[in-house]
Amino acid sequence: MHRSAPRLSRILACAAVPVMLVAAGCSSDSDGAGTPDKGKGSASSAAPSAQQSTKTVEPAKYAKLPDVCKSISAKTTASLVPKAKAKNGTTANSSDTTSRGGCSWNGLDDKGVKGSQYRWLDVAFYRYESDASLGSGRQRAEENFAKELAKLQATEGAKKLRTTEAPGVGEQSKAVAYELRKTGEDFKYASVVARTGNVLVLLTYNGAGYWGATAPTDKVIMDGAVKAAKEAVAAVAATAK
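Reference entry: report on the structure contained in this document. (Residues numbered from 1 in each chain as written. Predicted model: local features only at pLDDT ≥ 70, side-chain atom pairs only at ≥ 80, totals over all residues. Heavy atoms only, no water.)

### A closer look at the state of the cysteines
Turning to step 1, where the next piece is worked out: Tallying each qualifying case throughout the model produces one disulfide.
Turning to step 2, where the next piece is worked out: Each sulfur in the disulfide pair Cys-69 and Cys-103 lies 2.0 Å from the other. The S-S bond linking Cys-69 to Cys-103 shows a torsion near 100°; that makes this disulfide right-handed. Taken as a pair, Cys-69 in the loop between helix H3 (34-52) and helix H4 (74-80) and Cys-103 in strand S2 (residues 100-110) lie far apart in primary sequence, 34 residues in all.
Turning to step 3, where the next piece is worked out: Judged by relative accessible area, Cys-69 falls into the buried class, the value being 12%. (Disulfide = S-S within 2.5 Å. Helix = DSSP H or I, 4+ residues; strand = E, 2+ residues; numbered from the N terminus. Buried < 20%, exposed > 50% of the residue type's maximum accessible area, 1.4 Å probe, protein only.)

Okay, here's the thing in structure tokens:
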């Protein structure tokens, strides 16, 4: 039986295209109009997939950081670190103050024959931006919260280490207390790791008694650390106003 001219032309045309295209558009002998519709359906179904692949993350809550040395009141730093060498604090070096910063105070309150008291206070801020490939700023701060807490809990040489809650400090917080033997004295430490939004606050307060002075109690050091941490977190929150 002879094939009609139009039908023969279509077969020859199909033979001239790549196999994959033949399978898509020339697999049927029928002259129906189903194939073009199928092609449109494939194109339209691909569009939503492309849209779904675009990942979005929640915006970061805080866009800047406060002045770290001013984040804790002068009254508080004076009570926690009497005779501080620099009353306004010593600023830590930072190549990007919008993302990280630090400040510290230290001093020796010399009471002569009654001995001396040494105190040291340090606070650092870390701000995380939201990034589609890394996650939201909040998620990144949460991840680093866990990492910083683990570092504290693994402090080399720490004795009597214990982790407790730090109520009222940010959206998420933990306090770690321990002792370290340094310069012939037992230093009492209290470190607070706190998160508010996309900002991580790390604060450490420690002290020791020298030349016969009584060492500070665990409660004095921990209460001081928590008080300072609350002020630091509040300073971060104030940047959103």
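### Considerations on the pairing of strand S4 (residues 159-165)
Turning to step 1, where the next piece is worked out: Inspection of the sheet shows S4 paired to strand S5 (residues 172-182) by five bridges, in the antiparallel sense. Considered in S5, the bridge of Lys-159 is made with Glu-179.
Turning to step 2, where the next piece is worked out: Between the end of S4 and the start of S5, which pair antiparallel, lie six residues, with Gly-168 showing a positive phi angle near 80°. (Pairing = 2+ DSSP bridges.)

### Structural notes on the packing of aromatic side chains
Turning to step 1, where the next piece is worked out: Here the structure, examined in full by the defined rule, presents four aromatic pairs.
Turning to step 2, where the next piece is worked out: When the centroid spacing of 6.0 Å and the interplanar angle of 65° are considered together, the rings of Tyr-118 and Phe-187 count as edge-to-face. Remark: Phe-187 occurs in strand S6 (residues 185-196) and Tyr-118 occurs in strand S3 (residues 116-127); sequence separation between them is 69 residues.
Turning to step 3, where the next piece is worked out: Of the residues examined, Phe-187 reaches a relative accessible area of 3% and is grouped as buried. (Phe/Tyr/Trp six-rings, centres within 6.5 Å; stacked < 30°, edge-to-face > 60°.)

### Let's talk about the nonpolar core
Turning to step 1, where the next piece is worked out: Formed by 33 residues in total, the largest nonpolar core has its most connected members in Leu-121, Val-123, Val-192 and Val-201.
Turning to step 2, where the next piece is worked out: For this core, the secondary structure elements donating two or more residues are S2, S3, S5, S6, strand S7 (199-210) and helix H6 (218-238).
Turning to step 3, where the next piece is worked out: The element best represented in this core is H6, accounting for nine residues.
Turning to step 4, where the next piece is worked out: The residues touching Val-123, leaving out its near neighbours within four places in the chain, are Val-68, Ser-71, Ile-72, Gly-101, Gly-102, Cys-103, Trp-105, Val-201, Leu-202, Leu-203 and Ala-232.
Turning to step 5, where the next piece is worked out: Membership of the second largest hydrophobic core comes to 15 residues, among which are Tyr-128, Leu-200, Leu-202 and Tyr-210. (Core = buried A, V, L, I, M, F, W, Y, C linked by side-chain atoms within 4.5 Å. Contact = heavy atoms within 4.5 Å.)

### A word on the pattern of salt bridges
Turning to step 1, where the next piece is worked out: Tallied over the entire structure, the rule returns 16 salt bridges.
Turning to step 2, where the next piece is worked out: The salt bridge involving Lys-159 is made with Asp-186; its shortest N-O contact spans 3.6 Å. Taken as a pair, Lys-159 in strand S4 and Asp-186 in strand S6 lie far apart in primary sequence, 27 residues in all.
Turning to step 3, where the next piece is worked out: On the accessibility criterion, Lys-159 (37% relative accessible area) is partly exposed.
Turning to step 4, where the next piece is worked out: The class of Asp-186 is partly exposed, set by a relative accessible area of 28%.
Turning to step 5, where the next piece is worked out: Through salt bridges that share partners, Glu-58, Lys-61, Arg-138, Glu-142, Glu-171 and Arg-195 make up one connected network. (Salt bridge = Lys/Arg side-chain N within 4 Å of Asp/Glu carboxyl O.)

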